[in-house]
Amino acid sequence: MKIKRNILLNPGPSTTTDSVKMAQVVPDICPREKEFAGMMKGLREDFVKIVHGKEDYTAVLFCGSGTINMDICLNSLLPANKKILVVNNGAYSTRAAEICEYYGLPFIDLKFPIDELPDLGVVEKTLKENPDIALVYTTHNETGTGILNPIKEIGALAHEHNAIFVVDTTSSYAMRPINVYEDNIDFCMASAQKGIMAMTGLSFIVGKKSIIEESKNYPKRSYYCNLYLQYEFFEKTGEMHFTPPVQTIYATRQALDEYFKEGEAKKWARHTRVFEAIHKGLAELGFKNVIKREWQTGLVVSAIYPDDPNWDFEKVHDYCYERGFTIYPGKISTTNTFRLCALGAIDEKDIQDFFKVFKKALEHTGVTVPVIYKD
Ligand SMILES: *Cc1c(COP(=O)(O)O)cnc(C)c1O
């Protein structure tokens, strides 16, 4: 079977290999069979291995998109009469604050500008003044802008103040190397369609077993999205409590085999090549960055709309889309931006091909090249 190859430059789902796509086509199976449980066990072990966790860490799998992990960690890991601190400099941490609000959880939304790193002095001061903070939360690669947050430092502060540290690593996991011990992470998370380069529908949390076991006695705020309940079911039966995304799990198995075959360092080097090629292409066309280069994670480039009356993101998008390339709007409320992302099964050559089409799209829509800015 020949499948059209699209280059996705959006922040996930990512471009997948044909072997991962085809791995979904399997004989029908009831996921309660031993064969299937065996595959889930391998997945759980591999998810821990990717972030270099040992026996004190485990992975708990869920059926849902990446946001389900955020929901689960926040609602399941807060003891009674305690507070959450969200270190917030972007759209994804804002989503975490919204989750706290929906559950009615006590939380502090510690906001920083979206194009700046969080001020660690302010984080420390907040922890000192609020000894009831039991959970510190932030986003590793803030996908809305591509800024890299100092998780190791925030994690150390959380631990000094007896709080656990939960990090949304959805858009960095299995791309930029993570080590749960060195990065002071108690819980991190991702879903299969991003760094793993598989399909949507499977999300997972990697975290400290001892904390999950302790959380058995924490207030129960959700049924479907409770971390301990799912963990306990996995430990007893090797299965998800409710129906798993069967075909996505087959694709994930194949994607993990390809991940380990490529290797952590080589994969990160490939994403870096793609990222550099994106920067080179944008710079040649005169585009400006939102985030200082040295603060970028190396996976998402946020570019500012040019001040050209002919610039029309939708038109440029449609021109590229028709030719197999997907670009994506930004997630910043104050500035008009678009994003080009370096995840997925793509390489430098795909970016060079993209920029030929992108340049034509600009010319086709009457945008002056190199692009112009008022200041
Ligand atoms: C993609 C992403 C998520 C999850 O988004 P879904 O649309 O629910 O898959 C969460 N956090 C970050 C940082 C992400 O990049």
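Residues numbered from 1 in each chain as written. Predicted model: local features only at pLDDT ≥ 70, side-chain atom pairs only at ≥ 80, totals over all residues. Heavy atoms only, no water.

> Which parts of the structure should I look at to understand the packing of aromatic side chains?
Here a ring pair, both rings aromatic, is described through the centre-centre distance and the interplanar angle of the planes. Counted by the stated rule, this structure contains 21 aromatic pairs. Between the aromatic rings of Phe 325 and Phe 354, the centroid separation amounts to 5.7 Å while the plane-to-plane angle is 55°, which identifies the pairing as tilted. Separated by 29 residues along the polypeptide, Phe 325 in strand β12 (residues 325-326) and Phe 354 in helix α12 (residues 348-364) bring together distant segments of the chain. For Phe 354, a relative accessible area of 1% translates into the label buried. An aromatic cluster of at least three residues, connected via ring pairs, comprises Phe 287, Tyr 305, Trp 311, Phe 313, Phe 325, Phe 338, Phe 354, Phe 355 and Phe 358. Sitting above the plane of the Phe 260 ring, Lys 49 keeps its charged end 4.6 Å from the centroid. If you follow Lys 292 out to its NZ or CZ, it ends over the ring of Trp 295, 4.1 Å from the centre. (Phe/Tyr/Trp six-rings, centres within 6.5 Å; stacked < 30°, edge-to-face > 60°. Helix = DSSP H or I, 4+ residues; strand = E, 2+ residues; numbered from the N terminus. Buried < 20%, exposed > 50% of the residue type's maximum accessible area, 1.4 Å probe, protein only. Lys NZ or Arg CZ within 6 Å of the ring centre and 35° of its normal.)

> How should the packing of helix α2 (residues 34-50) against helix α8 (residues 227-237) be read in this particular structure?
Geometrically, a packed helix pair is captured by the angle between its two axes and the distance between the axes. One can describe the packing of α2 onto α8 by two numbers: an axis separation of 11 Å at closest approach and a directional angle of 120°. Relative to α8, α2 is oriented oblique. The way α2 lies across α8 gives a crossing that is left-handed. Between α2, through Ala 37, Met 40 and Arg 44, and α8, the contact on the second element is made entirely by Tyr 231, Phe 234, Glu 235 and Thr 237. Broken down by class, the residue content of the contact of α2 with α8 amounts to four nonpolar, one polar and two charged. (Axes fitted to C-alpha atoms, helices over the stretch in contact; angles between N-to-C directions. Parallel < 35°, antiparallel > 145°, perpendicular 65-115°, else oblique. Left-handed = near helix turned anticlockwise from the far one by under 90°. Contact = heavy atoms within 4.5 Å. Nonpolar A, V, L, I, M, F, W, Y, C, P; charged D, E, K, R; others polar.)

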